[in-house]
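Chains, contacts and geometry: an overview
Chain by chain, the residues run as shown.
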Amino acid sequence: MKKILCADIGTSSLKSAVIDEEGRVIASARVGFTKCGDDFASREWITALKSALDEIFKAGSSQTDQKSSIIVDSIDAICISGNGPTIVAENGRTLLWNAPADKKALDSYSGRSLFIPRLLTFRSLYPEDWSASSHVFSGPEYLINQLTGNPCTILPEERYAEAYWSGDALKSAGFDEGEIKKLPSFVKPSDIAGKLTPEAAEILGHSADGICGGLPVYCGAPDFISALVGTGTLFPGTLCDRAGSSEGLNLCTKNPLHAEGVRTLPSVIPGLWNASVLIGETGTRFARYKETLEKTAGMSVSYEDLVHAAITSDGTQPILDQGKYLMLQTAMEVRDGLNHLVRCALDAGEKIPESFTVSGGQASNREWMEMKCNVMGIPAKIPSFPDAELIGDATFAFTGMGIFPDLQTASQKLSRIKETLNPTTEDSIVFDS
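Fair warning: this is a prediction, and the values are worked out from it, not measured in the lab. The written sequence of each chain sets the order in which its residues are numbered from 1. For this predicted model, a pLDDT threshold of at least 70 governs which residues receive local features, and a threshold of 80 or more governs which side-chain atom pairs are given and counted, while totals over whole chains, interfaces and linings are taken from all residues. Water and hydrogen atoms were dropped before computing side-chain values, which therefore reflect all heavy atoms in the structure.

1. A few points about the packing of aromatic side chains
Centre distance and the angle of the planes are the two values used to describe a pair of aromatic rings. Put simply, the rule is: Pairing of aromatic side chains here covers Phe, Tyr and the six-membered ring of Trp, requires ring centres within 6.5 Å, and sorts the geometry by plane angle: under 30 degrees stacked, over 60 edge-to-face, intermediate tilted. What counts as a helix is a DSSP run of H or I of at least four residues, what counts as a strand is a run of E of at least two, and both are numbered from the N terminus. For the exposure calls, accessible area comes from a 1.4 Å probe over protein chains only, and a residue counts as buried if that area is under 20% of its type's maximum, exposed if over 50%, partly exposed in between.
The tally for this structure, following the rule as stated, stands at 14 aromatic pairs. Geometrically, the ring pair formed by Trp130 and Phe175 is tilted, given 5.7 Å between the ring centres and 45° between the ring planes. Pair noted here: Trp130 is in helix H4 (residues 127-132) and Phe175 is in the loop between helix H6 (167-172) and helix H7 (177-180), with a separation of 45 residues, a long-range link. Assigned by exposure class, Trp130 and Phe175 land together as buried. By way of ring pairs, the aromatic residues Phe115, Tyr164, Trp165 and Phe186 are connected into one cluster.

What follows is the structure, encoded as C-alpha cells:
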C-alpha cells in the first residue's frame, strides 16, 4: 500500500498528512508560521515542513511498532500545493497573494492575467531581488525547487494560460526577454517535479524513515484546485463548499456560466468548468466574535464548545445569542449564494447539485454542519478528513504514479465521505420562487 507525504502551504500555516491509496489519512500535522505576512515568509516553508514531519513521525512512534512502520517506513513520494498567486524570488523574498498591489506599476497593464500584475508589483517593490534572481517562482513551486533543485510553474490546465502568462502577454506588459526567462516552464499537476535532493533530505531529517534523497516529488496545484480535486468536484453537478476564512461554493459544469456574481474558471478536467460564488469573511467574522467573547469572559474557549453553546443558546445570554445569529446569518448568505448559483445553472441547462461536500474547519464540527444543512435545505456530505487540499495532493500523486488512470477515477477512490447529513426542518427550502 503506497503512501504520499502531502503538504499544502497556506497564508498562516502549513498543513501536512501521510495519505495512502485508499484515501486514509495515516497521520497529519499543522504548523503555524511565525513569519506570517513577512517579506521573506517563504523561507519558513521548508522548516515548517520539517516541523510537520517531526509531529507526524512522533505520532507514529507513539503507536505500536507495527503501526509505526506503516506510518514512517513506506512513504513513496511527496506532493506539494499552496496558495497563489504568491511570487517568490530565489532568495526567499516573498510577495504574498493577498499583499497590496503597486498601483503605479499597473498603470499600463489591462490584461486578464492574475499573475502578471503580481509580477509587475514584485519587480517594482523589490527591483534588486528581481534582478538578482535567475528564477522567480509562483508560490508552492518555490518549496518544490528547494526540495528538488528543479524550477517549474504548475499550470492547472491548458486553459489557465491566460490567467498565468504567455511570452506575448509578458512582452506587452513591459518584460524583456531576459526577464521572461526568469519564469520557469509550465508543468502539469501530477507531473514529477524531480527527486528529493540529499541536501533537502538532510534538512527534513528522518532518512531512516523513508525521507531520503531520491524520493519523487510530484506537482500539486493551487490550493483551491487541490480542494476541488480532494472533494471530488470533478463531475458535472457536483458541488463543494470551501469554508475557511471566507467561503466559496464551487459547482462543476459542462459549460462556462456567465452571470453577475458568478466567477467561472476552467476545471482541472479538460472540457469541464468550475462556477463559483464567493461569500467573504464568513470564518473571519466568527473568529472575531470568538476573540471578543474570550476577552469578555476572560478565558479561552474552544471552537467546539463555543459552537455548541451558541447553537443551543436559549436566549438568556445575549453574547451567545449573538454567536447563534452570526452563524445563522452566515448560513443564510451561503444559502442565497447556492440559490443564485443553482438558478444560473438551470438557466444554462446544467445539472444542478443534489448535495454539497464541505471542505475546511466547519467540516469538523457536526453541530455546525447540521445547522447549515437545515438552513441550506440540501444534504451535506462530511468528509473523513476536512483538509481537502491534502486529499487532492494525494490524488495528483497517485495519478502521476499510474495507480489510477485519471484524476476523476482517483478522486472517486480517495474522496472518502464519513457521513451524509439530511435537512430535518420543514422550512428548509433551497430555491427561491
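2. A closer look at the environment of Ile225
The condition is simple: Working rule for contacts: check all heavy atoms of both residues, and any pair within 4.5 Å makes them a contact.
Structurally, Ile225 can be placed in helix H9 (residues 223-230). Residue Ile225 is classed as buried on the basis of its relative accessible area of 4%. Excluding residues within four positions of it along the chain, Ile225 makes contact with Pro156, Tyr160, Val268 and Phe396.

3. Things to note about unusual backbone geometry
In this structure, Ser190 takes a positive phi of about 85° despite not being glycine. As for its placement among the helices and strands, Ser190 is situated in the loop between strand S9 (186-187) and strand S10 (192-195). For Glu281, which is not glycine, the phi dihedral falls at a positive 60°.

4. Here's the deal with the sheet that holds strand S7 (residues 136-138)
Our working rule: Following DSSP output, two strands are said to pair if at least two bridges run between them. Under this scheme, a helix contributes an axis fitted over its contacting stretch, all axes are lines through C-alpha atoms, and angles between N-to-C directions fall in the 0 to 180 degree range.
Read from one edge to the other, the open sheet built from three strands follows the order S6-S5-S7, with strand pairing classed as antiparallel. Pairing within the sheet leaves two strands with one partner each, and these edge strands are strand S6 (94-95) and S7. Where strand S5 (residues 87-89) lies against S7, three bridges are found, and the strand directions are antiparallel. Bridge assignment links Ala89 to a residue of S7, and that residue is Val136. Contacts from helix H5 (residues 140-148) reach S5 and S7 within the one sheet, and its direction differs from that of S7 by about 120°.

5. Focus: the nonpolar core
The cut-off we apply is this: For the purposes of this section, nonpolar cores are sets of buried Ala, Val, Leu, Ile, Met, Phe, Trp, Tyr and Cys residues that join through side-chain atoms within 4.5 Å.
The biggest cluster of nonpolar side chains holds 53 residues, and the ones touching the most others in it are Leu119 and Phe175. The leading source of residues in this core is helix H14 (residues 388-400), at six residues. Among all residues touching Phe175, those that are not within four sequence positions of it are Ile116, Leu119, Leu120, Arg123, Trp130, Leu170 and Ile180. Counting 37 residues, the second largest nonpolar core, distinct from the first, contains Ala48, Leu147, Ala193 and Leu204.

6. Some points on the environment of Ala363
Within the secondary structure, Ala363 sits in the loop between strand S16 (356-360) and helix H13 (366-376). With a relative accessible area of 5%, Ala363 lands in the buried category. In this structure the C-alpha to C-alpha distance between Ala363 and Asp406, which are 43 residues apart in sequence, comes to 27 Å. Every residue in contact with Ala363, bar those within four places of it in the chain, is listed here: Val358, Met369, Ile382, Pro383 and Pro386.

7. Re H13
Since the α-helix packs 3.6 residues into each turn, any two residues three or four apart lie on the same face. Cut-off, in case you're wondering: N or O atoms closer than or at 3.5 Å make up a polar contact, with two conditions inside protein: a donor-capable atom paired with an acceptor-capable one, and, for residues adjacent in sequence, both atoms drawn from side chains.
Where burial is concerned, most of H13 is hidden: eight out of the eleven residues are buried. Residues of H13 that are buried: Trp368, Met369, Met371, Lys372, Cys373, Asn374, Val375 and Met376. The backbone nitrogen of Glu367 lies 3.2 Å from a side-chain oxygen of the residue at the head of H13, namely Asn365. Following H13 by one or two positions, Gly377 has its phi on the positive side, about 75°.

8. Things to note about the pattern of salt bridges
Side chains carrying opposite charge are able to pair once their charged atoms draw close together. Inclusion rule: In what follows, salt bridge is the name for a side-chain nitrogen of Lys or Arg lying within 4 Å of a carboxyl oxygen of Asp or Glu.
Scanning the model with the defined rule gives 24 salt bridges in all. For Asp39, the salt bridge is made with Arg93, and the minimal N-O distance between the two is 3.6 Å. One end of the pair, Asp39, is in the loop between strand S3 (25-32) and helix H1 (45-61); the other, Arg93, is in the loop between S5 and S6, with 54 residues separating them in the sequence. Exposure remark for Asp39: the relative accessible area of 33% places this residue in the partly exposed category. You can call Arg93 buried: its relative accessible area is 17%.

9. As for the environment of Pro318
Positionally, Pro318 belongs in helix H12 (residues 318-347). Overall, the relative accessible area of 64% leaves Pro318 in the exposed class. Separated by 141 residues in the primary sequence, Pro318 and Glu177 place their C-alpha atoms 63 Å from one another.

10. Here's the deal with the confidence of the model for the chain
Applicable threshold: Scored from 0 to 100, pLDDT records how confident the predictor is in each individual residue.
For the chain, per-residue confidence averages 90 on the pLDDT scale, and 94% of positions sit at 70 or higher. Ignoring residues within four places in sequence, the model shows residues 62-72, a span with pLDDT below 50, making 13 contacts including any to other chains. Across residues 427-433 the pLDDT falls below 50, and counting only partners more than four positions away or on other chains, this stretch makes 15 contacts in the model.

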